[in-house]
Amino acid sequence: MNLDLRNRHAIVCGSSQGIGLAAARELALLGATVTLMARDADRMEAARISLATGHSQTHSILVADFSRHEEVAAALDHWIANGSGSRKGVAEILVNNTGGPPGGPAIDAGLDEYLTAFRNHLIVNQILAQRLVSGMMSAGFGRIINVISTSVKQPLNNLGVSNTVRGAVANWAKTLATELGPFGITVNNVLPGATATARLESIVAANAEKSGQPVAEIEKKMLASIPAGRFGLAEEIGQAIAFLASPAAAYINGINLPVDGGRTQCL
């Protein structure tokens, strides 16, 4: 199986911690040079140092706040104009990964909550993809991988805004998969289930506060819905992302891949 990503460059969003960092580490292990992209420079620098390095791998960071579109666009434009490597300013792999919006019922959410989530997820993804696709085309190899949620298959309780916006991202990705497939560029979505990250901790804490139940009881109920009987690990999501980025996944395009221990109750 060809998993070799040497001489490929990956930009991984939200990669200072959690699933984004796990994906960056897996891509680096397969030989890719990785640019970490998030808003916390100090945390990203620590993450960069943790990445595996081999022949021709020089990892870097790109600082941008995804809630500021002009900042994201400017940072990437600067990277493209001043990038290094055999194909200057080209990233053949883009991992779109942004922290989800706060929980709560859909009907209670304010219009600003929907607009903010739409901008921070779909619009930022579009900004990044538009700037990187021409380089992927020139390389004859491209991978756009969006980390979203199993809610695109089965909406999750008390995550109304997230359910809505994740669905929009999934359909955006499916549309791009059709448009970009002829150029050797695949577009796929990875759908994490309940994964042991800071995001899960915040959801559990919010549910515990709302219900008045202990955190342990909330976790027990969540685990009861997972056939694997445990929460996922960020590394397991990262491995799925790395596989989809590899040459071995060249004929996989336009899919939603749940990595959820079997929790999703539909095909």
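Predicted, not measured: the structure shown is a model, and the values here were computed from it.

1. Observations regarding the environment of Gln239
Then, in step 1: Mapped onto the elements, Gln239 comes out in helix 8 (residues 234–245).
Then, in step 2: Accessibility expressed as a relative area gives 42% for Gln239, which makes it partly exposed.

2. Structural notes on the environment of Leu233
Then, in step 1: Along the polypeptide, Leu233 turns up in the loop between helix 7 (215–224) and helix 8.
Then, in step 2: Through-space distance from the C-alpha of Leu233 to that of Ala196 is 5.7 Å; in sequence the pair is 37 residues apart.

3. Details of the sheet that holds strand 2 (residues 33–38)
Then, in step 1: The seven strands lie next to each other as 3-2-1-4-5-6-7, forming an open sheet whose pairing is parallel. Of all strands in the sheet, those bounded by a partner on one side alone are strand 3 (60–63) and strand 7 (256–259). Neighbour-to-neighbour, the strand axes of the sheet open up by a mean angle of 20 degrees, direction not taken into account.
Then, in step 2: Here four bridges tie strand 2 to strand 3, and the two strands are oriented parallel to one another. Of the residues in strand 3, the one forming a bridge with Leu36 is Ile61.
Then, in step 3: The strands touched by helix 2 (residues 41–50) within the sheet are strand 2 and strand 3, with strand 3 carrying the most contacts at an inclination of about 160 degrees.
Then, in step 4: Running over the sheet, helix 5 (residues 160–180) touches strand 4 (93–96), strand 5 (142–147), strand 6 (185–192) and strand 7 and is turned about 155 degrees from strand 6.

4. Remarks on the packing of helix 6 (residues 198–211) against helix 7
Then, in step 1: Where helix 6 contacts helix 7, the two axes come as close as 9 Å, and the packing angle between them is 115 degrees. As the angle between them shows, helix 6 and helix 7 are arranged roughly perpendicular. Of the two elements, helix 6 crosses helix 7, and the hand of that crossing is right-handed. On helix 7, the residues touching Leu200, Val204, Asn207, Ala208 and Ser211 of helix 6 are Val215, Ile218, Glu219 and Met222.
Then, in step 2: Class assignment of the residues belonging to the contact of helix 6 with helix 7 gives a composition of six nonpolar, two polar and one charged.

The rules we used
- Residues numbered from 1 in each chain as written.
- Predicted model: local features only at pLDDT ≥ 70, side-chain atom pairs only at ≥ 80, totals over all residues.
- Heavy atoms only, no water.
- Helix = DSSP H or I, 4+ residues; strand = E, 2+ residues; numbered from the N terminus.
- Buried < 20%, exposed > 50% of the residue type's maximum accessible area, 1.4 Å probe, protein only.
- Pairing = 2+ DSSP bridges.
- Axes fitted to C-alpha atoms, helices over the stretch in contact; angles between N-to-C directions.
- Contact = heavy atoms within 4.5 Å.
- Parallel < 35°, antiparallel > 145°, perpendicular 65-115°, else oblique.
- Left-handed = near helix turned anticlockwise from the far one by under 90°.
- Nonpolar A, V, L, I, M, F, W, Y, C, P; charged D, E, K, R; others polar.

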